[in-house]
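Here is how the chains run, residue by residue.
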Amino acid sequence: MAVDEKKIIVRDNYLQDDQFNQVRDYFLGNQCYWYYCGNYGGGYPQMEHVFHNELVGTQCYAGVPFLAKQGMQVMQPILQSFQYSALIRIRAICNWRTGKMSQRDWHVDVPFDCTTAIYYLHDSDALTLFKDDDNEPLEVETKANRLVEFPSQYEHSVTPMTTPERRVLINFNFIRAKKAKVGKTYISHLLTQQHPMS
């Protein structure tokens, strides 16, 4: 798929300092639980926390029933900025440094058109890449308090990192509001099969 660079929107200093500090401290501190989901996408180990998905809504994990609610509250400044009509999925993702020096597999987040946003919680030398047919991939640097937004059907990947020890971000998939009322979540009827993780 040819990529329209104008649809890859990069915004720096996305949150005010106090809001950014609150989000960063929650995800990089000891408040957020992480769940190991194996090696995939090129063999990279990954941990994640799903806060909301299209099948069951906001997650409540056994033993930590208030965790999703707390995380969703912390993320409100980001969510409110999207002016969404429907949330599809929200995941915090944690990868760590490995000796494998090749990029992860190309993938899309969900098998239908919506919007993806990636919010970076700290600096890293890993790059988010966008596949652009036969052209060189487009690159976005991992910078603290940066948000990159793009159509969910754009194939993307990430390069391996050498610093820091781990790379933590929040991945959002949502449908932007047009005339629909802002802020609704829904259970999608559009997914008929399990989609790949990003």
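A brief look at the structure comes next. For clarity, every value in this text was computed on a predicted model and none was experimentally measured.

Thresholds applied
Residues numbered from 1 in each chain as written. Predicted model: local features only at pLDDT ≥ 70, side-chain atom pairs only at ≥ 80, totals over all residues. Heavy atoms only, no water. Helix = DSSP H or I, 4+ residues; strand = E, 2+ residues; numbered from the N terminus. Expected span 1.5 Å × (residues − 1). Buried < 20%, exposed > 50% of the residue type's maximum accessible area, 1.4 Å probe, protein only. Arc of directions from axis to C-beta. 1 Å grid on protein atoms, 1.4 Å probe; cavity = no way out; pocket = protein on both sides within 12 Å on 5 of 7 lines; lining within 4 Å. Points joined across faces, edges and corners; volume = space filled by probe spheres on them. Nonpolar A, V, L, I, M, F, W, Y, C, P; charged D, E, K, R; others polar. Disulfide = S-S within 2.5 Å. Polar contact = N/O pair within 3.5 Å; in protein donor to acceptor, adjacent residues only side chain to side chain. Salt bridge = Lys/Arg side-chain N within 4 Å of Asp/Glu carboxyl O. Pairing = 2+ DSSP bridges. Phe/Tyr/Trp six-rings, centres within 6.5 Å; stacked < 30°, edge-to-face > 60°.

This part takes up helix α1 (residues 17–28). The end-to-end C-alpha distance of α1 is 16 Å, a good match for the 16 Å that twelve residues give at a rise of 1.5 Å each. Residues of α1 that are buried include every one of F20, V23, Y26 and F27, and no others. Taken around the axis of α1, the buried residues stretch over an arc of 135°, which confines them to a single face. Opposite the buried face of α1, at more than 90 degrees from it, the exposed residues are D17 and D18.

With that settled, consider empty space enclosed by the protein. Taken as a whole and judged by the stated rule, the model has two cavities of 30 Å³ or more. The space that makes up the second largest cavity amounts to roughly 90 Å³. Lining the second largest cavity, in full, are Y44, N95, W96, R97, T98, R104, A126, V158, T159, P160, M161 and R167. Classifying every residue of the lining of the second largest cavity gives six nonpolar, three polar and three charged.

Turning next to unusual backbone geometry. For residues that are not glycine, phi is negative in most cases, and the peptide bond is trans in most cases. The amide bond that connects T163 to the next residue, P164, takes the cis arrangement and shows omega of -10°. Looking at the secondary structure, you find P164 in the loop between β10 (156–158) and β11 (166–176). Even without glycine at this site, N13 takes up a positive phi of about 50°. Here N13 is to be found in the loop between β1 (9–11) and α1. Phi is positive for D133, close to 50°, though the residue is something other than glycine. By the secondary structure assignment, D133 is in the loop between β7 (124–130) and β8 (138–142).

On to the state of the cysteines. Applying the stated criterion to the full structure yields zero disulfides. Of all cysteine sulfurs in the structure, the one in C32 sits closest to C94, which takes part in no disulfide; the separation is 9.2 Å.

What follows is about the side chain of H107. Here H107 shows up in the loop between β5 (84–96) and β6 (115–120). Using a relative accessible area of 12% as the deciding quantity, one classes H107 as buried. At 3.2 Å, the side chain of H107 and the backbone oxygen of D105 are in polar contact.

Turning to the pattern of salt bridges, a few remarks are in order. Evaluated as defined, the whole model comprises six salt bridges. Among the ionic pairs, R11 bridges to E149, the shortest N-O distance being 3.4 Å. Separated by 138 residues along the polypeptide, R11 in strand β1 and E149 in strand β9 (residues 146–151) bring together distant segments of the chain. Note that E149 is salt-bridged to R176, the shortest N-O span being 2.4 Å. One end of the pair, E149, is in strand β9; the other, R176, is in strand β11, and 27 residues separate them in sequence.

The subject of this paragraph is the pairing of strand β3 (residues 44–53). Of all ten residues in β3, nine are buried; the element is thus mostly enclosed. Here six bridges tie β3 to β5, and the two strands are oriented antiparallel to one another. When the bridges of β5 are listed, V50 appears paired with R91.

Attention now goes to the packing of aromatic side chains. Applying the stated criterion across every chain yields a total of seven aromatic pairs. Ring geometry for F82 versus F174: centroids 4.4 Å apart, planes at 10°, classification stacked. Residue F82 is found in helix α3 (residues 76–82), and its partner F174 is found in strand β11; the two are separated by 92 residues along the sequence. We note that F82, like F174, is buried. Members of the aromatic cluster, connected to one another through ring pairs, are Y26, F27 and F51.

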